Amino acid sequence: QTIRLADYTVPSYLVDNVDLHFDLDASTTQVTSILNMRRNPKGPGEDCVLNGEHLQLVSIKLDGRLLTAAEFQRSNTQLILPQLPEKFQLEIVTEIHPDQNTALEGLYHSGTLVCTQCEAEGFRRITYYPDRPDVMAVFTVTITADKQQWPILLSNGNLQEQGELEDGRHWVRWHDPHPKPCYLFALVAGDLYMQQDSFTTISGRDVTLQIYVDKENHDKCDHALMSLKQSMRWDEEAYGREYDLDVFMIVAVNDFNMGAMENKGLNIFNAACVLASPQTATDNDFYTIQSIVGHEYFHNWSGNRVTCRDWFQLSLKEGFTVMRDQSFSADLNSAAVQRIDDVDQLRSLQFAEDAGPMAHPVRPDSYIEISNFYTVTIYEKGAEVVRMIKTLLGDEGFRKGTDLYFDRHDGQAVTTDDFVKAMEEANHYDLTQFKRWYTQAGTPVITAFYNYDAIKKIFTLTLQQSCPATPGQTEKQPFLIPVAMGLLDSAGNSLPLQLIDEAQPYDKDTRVLELNESEQTFRFIGVEQKPIVSLLRGFSAPVKLLIERDNEELAFLMANEKDSFNRWDAGQSLFIQIMLSLIADYQQNTALQLPEILVKQCAAVLQDKAADPALVARMLTLPSENYLAAQMKVADVDAIHHVRKFVKDSLAMQLKAQFDALYQQHNLPNVAYQFNSEHMGRRSLKNVCLGYLMATNDPMQTQRCLKQMKQADNMTDTLAGLRLMVDQAGIEREHALRAFYEQWQHDRQVVDKWLTVQALSSLPDTLIRIKGLMKHPAFSIKNPNNVRALIGQFCRNNPALFHAKDGSGYRFLAEQILVLDKLNPQVASRQLGAFNSWRRYDEKRQQMMREALQSIAQQQDLSSDVYEIVNKYLAD
Ligand code: ZN
């Protein structure tokens, strides 16, 4: 059943406040909900419809009177109450079974604790309620539970009262004064360790901060707590937003469908996104935790205080909040590295989504299952769209816009149009055309042509834009695209950017062109020599840029461009250009030869003493096999794998001495672990060098790798070593894997890493090993992190083996999806994403992937999650 934006109507009834009573029990929990409701004067005047799924109804009272079955209608998904007064009180009693809930939506069990996940539509698995974000109510929650089993009972807002009961049970009452949609409701009951701290807000309000984790993880809370304080300070400084309750709580949960959830005052996190110690978490983990803690905290304003009117507006909160967490990370760490990593992820994942059967606009028009729309388009492309607004309005103008947005809409459920309107009105700037970024799917393509008139000293730049058709959208209107650009002379100095007929002198090194037609020409005057043009500095728009450049010009930009993002990007383009031409050679059985220029450029990068090690590490990282595949008309899995390995091995052989020197320079076995940009950068560069050194097949390097694993005081270096060992067949490999597991088997996060390194191995028996690991005590198919670590990593990040010629990878995934769909539809449907680009492979592989997809589509009783994706894949 398709839900359409065009069908939106305001709710017929509103909830002023709700009183929830939970009588907790793992097998049967009784929920009593007292709703004070009234007719919405602006509503369409329809019956009162409450959502409810997987619920056992015990009783309904209207203003104290028990209703008979004839007085309401009930289906598997709804409770309809006709003929209600203007204002009334409903008391609904339901029963639910948290221990049978493997979907991890609503109230469920995870280990010994009980917790909730309500976004988007999980609250309807707890009680009957108008489960839509534009119904906002004040919640009071009372929880009664066995005191020994669940000494800690949490919900949203401030703790109001608590007490003991006679039968070994106790109770607590929480009150959240801020009206909220039910998707922000949360409850946690458990026997947990708590680490506490405090934060004083800018206006002097004291806030208690608490992190709740399994007892054995008591030593892994510091980093998340620090990140939380950093987030609270940052939102005050960057956006003028203060926290608004007496307490802010984070709970770590082992079984969780996503990364984390911004429930008001009670964020619930996937344990992997909270817990960190140097011994068990990598630099990447530390970095991700900081950004996710920030993301969920920032939702308190962008999402909770101002929420979404309906789920088509999801990017209103997600795109904006991702953009906020990206700038938070950029401010606290290296802005250049942050931008490179964000764009790298956008181009490898979101561009693929935008080019495939699930392509949808940042504000979709329709969906079958909303859980399928928590996508890289809504999140990452949505963040780019907000970032472009900031680029167009400038930092100050953008801040004026967000101030107006938060002030005007505080306590409301609004749309992306409302957001854009606040931006427009605060700046007197027309964003009408810009709004096409919200409604048109697909990645725009900019083609650049240029010409230099040496006599008149005029440089002419012509930009054309187009956007490929996407499902349901054949014709596209031109976008308003901010193109940040600069001109360089042959020594790498900036040239003036004065446009012809421009009255004001222009004296900056970068200027933002506003491309808003399908073709536009820009003339720059006073350009004394033939320039090299640098386009899309900082990746100023989420587009593909086509510009003809030879290897020499790319090498020039790689060495001389001012913008660090574009310097990295020129290097990536050089790698891609060379690899694509080697792939063509390979396909024609021509002997492969690595162009001298690439070796020369990499040597220069390796020898640049002034460069930031983190940037050097990224400059030396080859584009992934998946990203290369996306650059080909027909992705040739084997050629890509072969050529990428050839390039890596050749660079390793020819630059071995340089890699060796740099490894030694940045390997500091006697310096204790620190999480900061400098140390992270040095570790990442050292480990990139080790990767190249291992590609030389020199047994000395294997010894070095083992030594690094043994000496390291941190998981970053240990895991980097293990990852490399796992690609080399032999007894040392098996030994390293076994020793690692023996040391870390008690730690779920580390065990997931152990599963992942094996899933990513390039050795031919990898899939057989994976099947074996699925029977290992370390793995449970009911645990989403296990599934993602083993099955997800293999299918997404081991393309050479997932796309094995015999179709074994495809059949494996199809089988797992059918098993998962019965247990956890959200996880099942996510895993299907590995088939997203199936039409881009050769005939034989397409045929096998089609069969795998059909084997899923044929099943009876598919979840709406899997049903929607599999049918969209097959239809396109
Ligand atoms: Zn979010």
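Residues numbered from 1 in each chain as written. Predicted model: local features only at pLDDT ≥ 70, side-chain atom pairs only at ≥ 80, totals over all residues.

An unreviewed UniProt entry lists the chain under the name Aminopeptidase N, with Methylophaga muralis given as the organism. The heading Catalytic activity (unreviewed entry) in the UniProt record of the chain holds the text "Release of an N-terminal amino acid, Xaa-|-Yaa- from a peptide, amide or arylamide. Xaa is preferably Ala, but may be most amino acids including Pro (slow action). When a terminal hydrophobic residue is followed by a prolyl residue, the two may be released as an intact Xaa-Pro dipeptide." As stated in UniProt under Function (unreviewed entry), the record for the chain gives "Aminopeptidase N is involved in the degradation of intracellular peptides generated by protein breakdown during normal growth as well as in response to nutrient starvation." (UniProt positions renumbered as here; feature names shortened; annotations may be inferred.)

On a plain count of helices and strands, the chain comes out with 26 helices and 32 strands. For 876 residues, the compact-globule estimate of 2.2 N^0.38 gives 29 Å, and the C-alpha radius of gyration of the chain, at 28 Å, lies within 12% of that figure. Across its three principal axes, the chain shows a C-alpha extent of roughly 90 × 70 × 60 Å. The 876 residues of the chain split such that 48% are buried. Within the chain, residue pairs in contact and separated by at least 24 positions form 71% of the contacts whose partners lie at least 6 positions apart. (Helix = DSSP H or I, 4+ residues; strand = E, 2+ residues; numbered from the N terminus. Rg over C-alpha atoms; globule rule 2.2 N^0.38 Å. Buried ≥ 20, exposed ≤ 12 C-beta atoms within 10 Å, placed from the backbone. Contact = placed C-beta atoms within 7 Å.)

A few words on the sheet that holds strand β21 (residues 266-270). Across the sheet, five strands lie side by side as β17-β18-β19-β21-β20; this open sheet has mixed pairing. Taken across any chain shown, the strands that pair with only one partner, and hence form the sheet edges, are β17 (193-200) and β20 (260-261). Sheet topology note: the strand β18 (residues 206-213)/strand β19 (residues 247-253) ladder contains five bridges and is parallel. Within β19, the position partnered with Ile211 by the bridge is Ile250. (Pairing = 2+ DSSP bridges.)

Here the focus is helix α14 (residues 656-666). Residue pairs spaced three or four apart in an α-helix point in one direction, given the helix's 3.6 residues per turn. Buried within α14 are the following residues: Phe659, Leu662, Tyr663 and His666. Looking down the long axis of α14, one finds its buried residues gathered within 105° of arc, a one-sided arrangement. For α14, the exposed residues set more than 90 degrees away from the buried face come down to Ala657 and Gln664. Residues of α14 that are buried make contact with α10 (596-607), α11 (613-619), α13 (637-654) and α15 (677-694). (Arc of directions from axis to C-beta.)

With that settled, the discussion passes to helix α4 (residues 335-354). Relative to the 28 Å expected for 20 residues at 1.5 Å per residue, α4 spans 26 Å between its end C-alpha atoms, a close match to the ideal helical length. At Arg347, α4 shows its strongest bend, of approximately 30°. (Expected span 1.5 Å × (residues − 1). Bend = angle between axes of the 7 residues up to and from the residue.)

This paragraph deals with the UniProt feature "domain: Peptidase M1 alanyl aminopeptidase Ig-like fold" (unreviewed entry) in the chain. Taking the numbering used here, the UniProt-annotated feature "domain: Peptidase M1 alanyl aminopeptidase Ig-like fold" (unreviewed entry) corresponds to residues 442-545. Taken end to end, residues 442-545 is 0% helix and 43% strand, and its first and last C-alpha atoms sit 14 Å apart.

Look at the UniProt record and you will see "domain: Peptidase M1 alanyl aminopeptidase C-terminal" (unreviewed entry) annotated at residues 552-874. Segment residues 552-874 splits into 72% helix and 0% strand. End C-alpha atoms: 43 Å apart.

Below, the discussion takes up the confidence of the model for the chain. Residues with a pLDDT of 70 or more make up 100% of the chain, whose mean pLDDT is 98. Prediction confidence for the complex, expressed as pTM and ipTM, is 0.99 and 0.98 respectively. (pLDDT = per-residue confidence, 0-100.)

Turning next to unusual backbone geometry. A cis amide bond, omega -5°, links Glu119 with the succeeding residue Ala120. Here Ala120 is to be found in the loop between β11 (113-117) and β12 (137-146). In this structure, His428 is a non-glycine residue whose phi angle is positive, near 50°. Note that His428 resides in the loop between α6 (416-427) and α7 (436-439). The phi dihedral of Phe539 falls on the positive side, at around 50°, and the residue is not glycine. Taking the C-beta count within 10 Å as the criterion, Phe539 has 22 such neighbours and is therefore assigned buried.

Moving on, we get to the nonpolar core. Core analysis: the biggest nonpolar cluster contains 239 residues, and Leu187, Val188, Ala189, Val251, Ile268, Phe269 and Val274 have the highest contact counts within it. Considering every element that reaches this core, the biggest residue donor is helix α5 (residues 376-409), with nine residues. What Val188 contacts, discounting residues up to four positions off in sequence, is Leu113, Cys115, Leu154, Val251, Leu266 and Ile268. (Core = buried A, V, L, I, M, F, W, Y, C linked by C-beta atoms within 7 Å.)

This brings us to the packing of helix α9 (residues 564-587) against α13. Taken N-terminus to C-terminus, the directions of α9 and α13 make an angle of 120°; their axes are 9 Å apart at the nearest point. It follows that α9 is oblique to α13 by the angle criterion. Considering only the axes of α9 and α13, their crossing is right-handed. Here α9 contributes Met579, Leu582, Ile583, Tyr586 and Gln587 to the contact with α13, which in turn contributes Ala639, Ile640, His642, Val643, Arg644, Phe646 and Val647. Of the residues in the contact of α9 with α13, the class split is nine nonpolar, two polar and one charged. (Axes fitted to C-alpha atoms, helices over the stretch in contact; angles between N-to-C directions. Parallel < 35°, antiparallel > 145°, perpendicular 65-115°, else oblique. Left-handed = near helix turned anticlockwise from the far one by under 90°. Nonpolar A, V, L, I, M, F, W, Y, C, P; charged D, E, K, R; others polar.)

Here 10 bridges tie strand β2 (residues 13-23) to strand β3 (residues 29-39), and the two strands are oriented antiparallel to one another. Across the sheet, residue His21 finds its bridge partner in β3, namely Thr32. Joining the antiparallel neighbours β2 and β3 is a turn of five residues.

Another aspect to go through is the sheet that holds strand β16 (residues 187-190). If you walk across this open sheet you meet the four strands as β10-β11-β16-β13, and the pairing is antiparallel. The sheet is open, and its two borders are formed by β10 (106-110) and β13 (152-155), each paired with just one other strand. With strand direction ignored, the average angle separating the axes of adjacent strands in the sheet is 20°. Relative to β16, β13 is paired through four bridges, and the arrangement is antiparallel. Counterpart to Ser155 in the pairing with β16 is Leu187.

Turning our eyes to something else, we now look at the environment of Val751. Mapped onto the elements of the fold, Val751 is located in helix α19 (residues 748-759). For Val751, a count of 21 C-beta atoms within 10 Å gives the class buried. For the pair formed by Val751 and Tyr741, sequence separation is 10 residues and the distance between their alpha carbons is 7.0 Å.

Glancing now at the environment of Tyr379. By secondary structure assignment, the location of Tyr379 is in helix α5. Judged by the 21 C-beta atoms lying within 10 Å of it, Tyr379 is buried. Counting along the chain gives 59 residues from Tyr379 to Phe320, while the straight-line C-alpha distance between them is 8.2 Å. When neighbours within four sequence positions are excluded, Tyr379 is seen to be in contact with Glu318, Gly319 and Val322.

This part takes up the environment of Phe419. Relative to the elements of secondary structure, Phe419 occurs in helix α6. Distance in space between the C-alpha atoms of Phe419 and Trp174 is 32 Å, their sequence separation being 245 residues. With residues up to four places along the chain from it excluded, the contact list for Phe419 reads Leu316 and Tyr405.

The subject of this paragraph is the pairing of β11. Taking burial as the measure, the five residues of β11 include five buried ones, the bulk of the element. Alternating residues of β11 divide into Leu113, Cys115 and Gln117 and Val114 and Thr116, and every residue in both groups is buried. By the bridge criterion, five bridges tie β10 to β11 in an arrangement that is antiparallel. Note on β11: the bridge partner recorded for His109 is Val114. Where β10 folds back on β11, the antiparallel hairpin that results is connected by two residues, among which Gly111 adopts a positive phi of roughly 60°. Pairing geometry for β11 and β16, over two bridges, is antiparallel. Paired with Cys115 across the bridge in β16 is Val188.

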